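Working through the structure, step by step
As a plain string of letters, each chain reads:
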Amino acid sequence: MEKHIDVAIIGGGPGGLNAALVLGRARKSVVVIDERRPRNQVTRQSHGFLSRDGISPSELRRIAMEQMKSYPAVQFVEDTAVTITGTDGDFQITTAQARTFWSKKLLFAVGMKDIPLDIDGLTDVYGISAFICPYCDGWELRDQSLVLIVHGEKAFHLAKSLAGWTNQYTICTNGPDEWTNEQREEIKQHNILTFESVIQRIESNEGVAHSVLLEDGTVIPCTGIFFAPKLATGSDLPQALGCQTTDAGIVIVDEFGKTNVPGIYSAGDVASELHLVVIAASLGAVAGVSINGELLSEVWNSKI
Ligand SMILES: Cc1cc2nc3c(=O)[nH]c(=O)nc-3n(C[C@H](O)[C@H](O)[C@H](O)COP(=O)(O)OP(=O)(O)OC[C@H]3O[C@@H](n4cnc5c(N)ncnc54)[C@H](O)[C@@H]3O)c2cc1C
């Protein structure tokens, strides 16, 4: 019996699962290794996915797993991939629970990790009234009084984006910012209040933020928060295998999800600057189609 599975997918969020669906339907053998720490695990509702607007991430996964039962060549393993060796056609994956899998192709759909900001009270509100992406949760906080916790260049990006959802927001930089005089002038022209004192804590009631307290004694009332988290690649494995990444830790892929390393693909948040479920899933589908095409070509060409 062939010991190699066609494709090992590391990560079973929307990116990995959509790739598994495409590959399972294409009659490829697949293992999805997923430690189940998806990026949106804190959130109750996921928005913006056609026909699934407002669904909880766990329900989205439940439906996906239910439908995947039609494709028996796709197996799911709840575990962490810890080491991967080998090259195109012969990868060996070892997991934290000492399982070993051999695969012909690899797909990294390991997502991105948010590095939590060290602010007292933020975890109480994160996913309930504090969010990171206006496209995901801006509608729910439209026309509300918001505090944006963000500094530097990112402050302009977030402030400009949120202007489409509300015009009542204040920027807290959580410590002195290094804006240039021109940048400060730009903020002034938009009548945005800014506070540069360190945040002491976020006050909330059952997850609903109602004020941000600063160390200088200022109290900023609010009904919601947007902040800019620091991001890191969901796993070190792509880099360990030689996959090129951007400075932000995004794995560089071509339009088919191919990395610079033969036989290795990447999809989902980790392969895109745009982080939405529908985009992660579609990139998973693209990678699934590309990997299947490569496998079919290899078989076809071997007979010539
Ligand atoms: C608070 C919040 C709210 C959001 N709300 C929305 C929303 O409303 N709408 C929307 O479209 N998007 C939303 N997003 C973005 C959305 O969560 C991501 O775009 C989406 O989860 C990306 O899917 P993914 O498959 O790339 O990664 P993930 O869903 O993060 O899945 C990656 C998986 O890989 C696993 N993994 C990583 N390394 C390994 C390893 N070595 N071995 C095994 N498994 C591994 C992880 O544990 C995880 O389960 C939100 C994000 C956050 C943080």
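Reading the values: rules and limits
- Residues numbered from 1 in each chain as written.
- Predicted model: local features only at pLDDT ≥ 70, side-chain atom pairs only at ≥ 80, totals over all residues.
- Heavy atoms only, no water.
- UniProt positions renumbered as here; feature names shortened; annotations may be inferred.
- Near = heavy atom within 4 Å.
- Polar contact = N/O pair within 3.5 Å; in protein donor to acceptor, adjacent residues only side chain to side chain.
- Areas by Shrake-Rupley, 256 points an atom, 1.4 Å probe, with all protein chains shown as cover.
- Nonpolar A, V, L, I, M, F, W, Y, C, P; charged D, E, K, R; others polar.
- Domains from an automatic or database assignment.
- Helix = DSSP H or I, 4+ residues; strand = E, 2+ residues; numbered from the N terminus.
- Core = buried A, V, L, I, M, F, W, Y, C linked by side-chain atoms within 4.5 Å.
- Buried < 20%, exposed > 50% of the residue type's maximum accessible area, 1.4 Å probe, protein only.
- Contact = heavy atoms within 4.5 Å.
- Axes fitted to C-alpha atoms, helices over the stretch in contact; angles between N-to-C directions.
- Parallel < 35°, antiparallel > 145°, perpendicular 65-115°, else oblique.
- Left-handed = near helix turned anticlockwise from the far one by under 90°.
- Expected span 1.5 Å × (residues − 1).
- Arc of directions from axis to C-beta.
- Pairing = 2+ DSSP bridges.

Going by what an unreviewed UniProt entry lists, the chain is known as Pyridine nucleotide-disulfide oxidoreductase and is assigned to Paenibacillus antarcticus. Listed under Cofactor (unreviewed entry) in UniProt, the entry text for the chain is "FAD". One UniProt comment on the chain, placed under Subunit (unreviewed entry), says "Homodimer."

Right, let's talk about the site of the ligand for a bit. The immediate surroundings of the ligand are formed by 39 residues, with Asp34, Arg37, His47, Asp269 and Val277 found nearest. At 2.9 Å from an oxygen atom of the ligand is found a main-chain nitrogen or oxygen belonging to Gly15. The contact in question runs from an oxygen atom of the ligand to an N or O atom on the backbone of Pro38, over 3.5 Å. Taken by itself the ligand offers 1,000 Å² of open surface, and the protein chains cover 98% of this. Its residues placed into classes, the shell around the ligand shows 15 nonpolar, 15 polar and nine charged. Two domains share the shell around the ligand, each providing at least three of its residues, namely domain 1 (4-114 + 230-302) and domain 2 (117-227).

According to UniProt, the "domain: FAD/NAD(P)-binding" (unreviewed entry) feature falls on residues 6-281. Secondary structure over residues 6-281 splits into 22% helix and 30% strand, and the C-alpha atoms at its two ends are 20 Å apart.

This brings us to the nonpolar core. Grouped together as the largest cluster of nonpolar side chains are 23 residues, with contacts concentrated most on Ile10, Ile84, Ile93, Leu106, Phe108 and Ile264. Those elements that provide at least two residues to this core are strand S1 (4-10), strand S2 (30-34), strand S4 (81-87), strand S5 (90-95) and strand S6 (100-108). With sequence-adjacent residues up to four places away left out, Ile93 is seen in contact with Ala8, Ile10, Ile33, Ala81, Thr83, Ile84, Arg99, Thr100, Phe101, Ser103 and Leu106.

Now for the packing of helix H1 (residues 14-25) against helix H2 (residues 57-68). The geometry of H1 relative to H2 is characterised by a closest axis approach of 11 Å and an angle of 20° between their N-to-C directions. As the angle between them shows, H1 and H2 are arranged roughly parallel. In the packing of H1 onto H2, the handedness of the crossing is left-handed. Along the contact surface, H1 presents Leu17, Ala20 and Leu21, while H2 presents Arg61, Ala64, Met65 and Met68. The class makeup of the residues in the contact of H1 with H2 is six nonpolar, no polar and one charged.

On to the environment of Glu153, then. The topology assignment puts Glu153 in helix H5 (residues 153-162). Through-space distance from the C-alpha of Glu153 to that of Trp179 is 7.9 Å; in sequence the pair is 26 residues apart. A distance of 3.0 Å separates a polar atom in the side chain of Glu153 from a polar atom in the side chain of Gln183.

Turning next to H2. Along its twelve residues, H2 runs 16 Å from first to last C-alpha, staying within 8% of the 16 Å computed at 1.5 Å per residue. Residues Pro57, Leu60, Arg61, Ile63 and Met68 constitute the buried set of H2. Angular distribution of buried residues about the axis of H2 spans 160°; they occupy a single face of the element.

A separate point is unusual backbone geometry. Notably, Ser51 is not glycine yet its phi reads approximately 75°, a positive angle. With respect to the helices, strands and loops of the structure, Ser51 is situated in the loop between S2 and H2.

Attention now goes to the sheet that holds strand S12 (residues 199-205). Within a beta sheet, neighbouring strands are joined by backbone hydrogen bonds and run either parallel or antiparallel to one another. With antiparallel pairing, three strands are arranged side by side in an open sheet as S12-S13-S14. Because the sheet does not close on itself, it has two edges, and the strands there are S12 and strand S14 (219-221). Taking the axes of each pair of neighbouring strands and ignoring which way they run, one obtains an average angle of 20° across the sheet.

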